[in-house]
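Residues per chain, in single letters:
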Amino acid sequence: MYRGLWKFITRYMDNSHAVSLFLPVVILGWTIAGVAAGIVVCTATGTDIVKAMAEIICAGGYAGIILGLFGGAFFLYRLDL
């Protein structure tokens, strides 16, 4: 997933500018995925989504930070720009 996004971004810009776009896109993508997963779990278990919204947003933020930021930075480190 990271490699596909990196290839897509570098198709339209050089590597030095692609880094500044890559990390925010990965963080936003993982955050949206985490929030969507929380909504799906709440819907499947019958939990009131409005009451659980703070926990859902917090879980999405952590997914964005851990998987997006750290995962994206580790990918860029291994890419050896």
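Structure first, text after, so check above.
Residues numbered from 1 in each chain as written. Predicted model: local features only at pLDDT ≥ 70, side-chain atom pairs only at ≥ 80, totals over all residues. Heavy atoms only, no water.

Visitor: An account of the overall build of the chain is needed here, citing residue identities and associated values.
Guide: The number of helices and strands found in the chain is 3 helices and 0 strands. Secondary structure of the chain in N-to-C order comes out as α-α-α. Taking 12 Å as the expected radius of gyration for a compact globule of 81 residues, we find that the chain reaches 15 Å, considerably beyond that expectation. Along the three orthogonal principal directions, the C-alpha set of the chain runs to about 45 × 20 × 15 Å. A total accessible area of about 5500 Å² is found for the chain, and carbon and sulfur atoms account for 71% of it. Within the chain, one finds 5 positive and 4 negative side-chain charges whose respective centroids are separated by 11 Å. (Helix = DSSP H or I, 4+ residues; strand = E, 2+ residues; numbered from the N terminus. Rg over C-alpha atoms; globule rule 2.2 N^0.38 Å. Areas by Shrake-Rupley, 256 points an atom, 1.4 Å probe, with all protein chains shown as cover. Lys, Arg positive; Asp, Glu negative; His and termini not counted. Charge placed at Lys NZ, Arg CZ, Asp CG, Glu CD.)

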